[in-house]
Amino acid sequence: MTKEEQITAENAVDRYADMVYRLALSQMKNKTDADDLFQEVFIRLVSHIGELKSWEHVKAWLIRVTVNCAKKHFNLYWNKNVDFIEDEETLRGEEAYEPPGVHPVRGAVSKLPPKYRLAVHLFYYEELSVAEIAKLTEQKEGTVKSQLHRAREMLKDLLREESG
């Protein structure tokens, strides 16, 4: 490994900040929670950077920690037991993952259930293989393939509804 490729938290932020933030937005669906998640992931990275031996390991670790932190967020008592008054239209302009009118496919993806949204995001946006997604999410490859297939079917229906 050359000096300029040295694995440091700062270099990891330079390389993977966009990827982590996109994934955080896709999971959290609002900027405030995504910002919090992003910060938590990179704070954790600082304490674990010495354990990561390659850039591929860093990338996989960041994806896994982002997904785990998002799951933890949704399992908190507060998030399970609070109903927000604001409707989706109120939040769409400022807080939504992607306004549906701007990118209809991204808007439709944001409406998918979390496990399907994660599979689609990792496969299409982060360009990971089914095998890589299976390893990162600790699932069988067949499960990931099924999730992608079901997500595509849901997306077809969502896009048909929006177009007419």
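All of these numbers come straight from a predicted model, not from anything done at the bench.

A.B. asks: Outline the overall build of the protein chain, listing residues and values.
C.D. replies: Scanning the protein chain for helices and strands turns up nine helices and zero strands. Of the regular secondary structure in the protein chain, the N- to C-terminal order runs α-α-α-α-α-α-α-α-α. Counting every position in the protein chain, which comprises 164 residues, the buried fraction comes to 37%. On the protein chain, roughly 10200 Å² of surface is accessible, and the fraction owed to carbon and sulfur atoms is 52%.

A.B. asks: Which residues make up the packing of aromatic side chains, and what values do they have?
C.D. replies: The description of an aromatic ring pair uses the distance of the two centres, along with the angle that the planes make with each other. The full count for this structure, using the stated rule, is four aromatic pairs. Residues Phe38 and Phe42 carry aromatic rings whose centres are separated by 4.9 Å and whose planes lie at 55° to one another, so their mutual orientation is tilted. Of this pair, Phe38 and Phe42 both sit in helix α2 (residues 31-48), four residues apart, which is roughly one turn of the helix. Ring geometry for Phe123 versus Tyr124: centroids 4.8 Å apart, planes at 85°, classification edge-to-face.

A.B. asks: Please set out the side chain of Arg117 residue by residue, giving values where relevant.
C.D. replies: For Arg117, the position within the fold is in helix α7 (residues 114-125). Buried and without a salt bridge, Arg117 has Asp33 as its closest oppositely charged side chain, separated by 10 Å. In this structure the side chain of Arg117 is engaged in a polar contact, spanning 2.3 Å, whose partner is the backbone oxygen of Ser26. When residues no more than four places from it in sequence are discounted, the contact partners of Arg117 are Ser26, Gln27, Lys29, Val109, Ser110 and Leu112.

A.B. asks: Break down the confidence of the model for the protein chain for me, citing the residues and quoting the values.
C.D. replies: Looking at the protein chain, the pLDDT average stands at 82 and 80% of residues meet or exceed 70. The low-confidence segment residues 82-101 (pLDDT under 50) makes 24 contacts with residues lying over four places distant or belonging to another chain.

A.B. asks: How would you summarise the pattern of salt bridges if you had to cite specific residues and measurements?
C.D. replies: Taken as a whole and assessed by the stated rule, the structure comprises six salt bridges. For the salt bridge of Glu40 with Lys72, the shortest nitrogen-to-oxygen distance reads 3.3 Å. Of this pair, Glu40 sits in helix α2 while Lys72 is found in helix α3 (residues 55-75), placing the two residues 32 residues apart along the sequence. Take Lys72: its relative accessible area is 41%, and that puts it in the partly exposed class.

A.B. asks: With reference to specific residues and values, describe the packing of α7 against helix α9 (residues 141-163).
C.D. replies: As a packed pair, α7 and α9 sit with axes 9 Å apart at the nearest point and diverge in direction by 100°. Considering the angle they form, α7 stands roughly perpendicular to α9. Contacts from Lys115, Tyr116, Ala119, Val120, Phe123 and Tyr124 in α7 reach Gln147, Leu148, Arg150, Ala151, Arg152 and Met154 in α9. Split into classes, the residues belonging to the contact of α7 with α9 amount to eight nonpolar, one polar and three charged.

A.B. asks: Go over α2, please, and point to the residues and values.
C.D. replies: With 18 residues, α2 extends 26 Å between its outermost C-alpha atoms, agreeing within 8% with the 26 Å of an ideal straight helix rising 1.5 Å per residue. Here α2 has its buried residues at Ala34, Leu37, Val41, Phe42 and Leu45. All buried residues of α2 lie within an arc of 125° about the axis, which places them on one face of the element. With respect to the buried face of α2, the exposed residues turned more than 90 degrees away are Ile43, Val46 and Ser47. Of the residues flanking the start of α2, the one acting as N-cap is Asn30, its side-chain oxygen 3.2 Å from the backbone nitrogen of Thr32.

A.B. asks: Tell me about α7, and name the residues and values.
C.D. replies: Its 12 residues give α7 an end-to-end C-alpha distance of 15 Å, which sits within 8% of 16 Å, the value for a rise of 1.5 Å per residue. Among the residues of α7, those classed as buried are Tyr116, Arg117, Leu118, Ala119, Val120, His121 and Leu122. With its phi angle positive at about 55°, Glu127 sits one or two positions after the end of α7.

Cut-offs applied
- Residues numbered from 1 in each chain as written.
- Predicted model: local features only at pLDDT ≥ 70, side-chain atom pairs only at ≥ 80, totals over all residues.
- Heavy atoms only, no water.
- Helix = DSSP H or I, 4+ residues; strand = E, 2+ residues; numbered from the N terminus.
- Buried < 20%, exposed > 50% of the residue type's maximum accessible area, 1.4 Å probe, protein only.
- Areas by Shrake-Rupley, 256 points an atom, 1.4 Å probe, with all protein chains shown as cover.
- Phe/Tyr/Trp six-rings, centres within 6.5 Å; stacked < 30°, edge-to-face > 60°.
- Lys, Arg positive; Asp, Glu negative; His and termini not counted.
- Salt bridge = Lys/Arg side-chain N within 4 Å of Asp/Glu carboxyl O.
- Polar contact = N/O pair within 3.5 Å; in protein donor to acceptor, adjacent residues only side chain to side chain.
- Contact = heavy atoms within 4.5 Å.
- pLDDT = per-residue confidence, 0-100.
- Axes fitted to C-alpha atoms, helices over the stretch in contact; angles between N-to-C directions.
- Parallel < 35°, antiparallel > 145°, perpendicular 65-115°, else oblique.
- Nonpolar A, V, L, I, M, F, W, Y, C, P; charged D, E, K, R; others polar.
- Expected span 1.5 Å × (residues − 1).
- Arc of directions from axis to C-beta.

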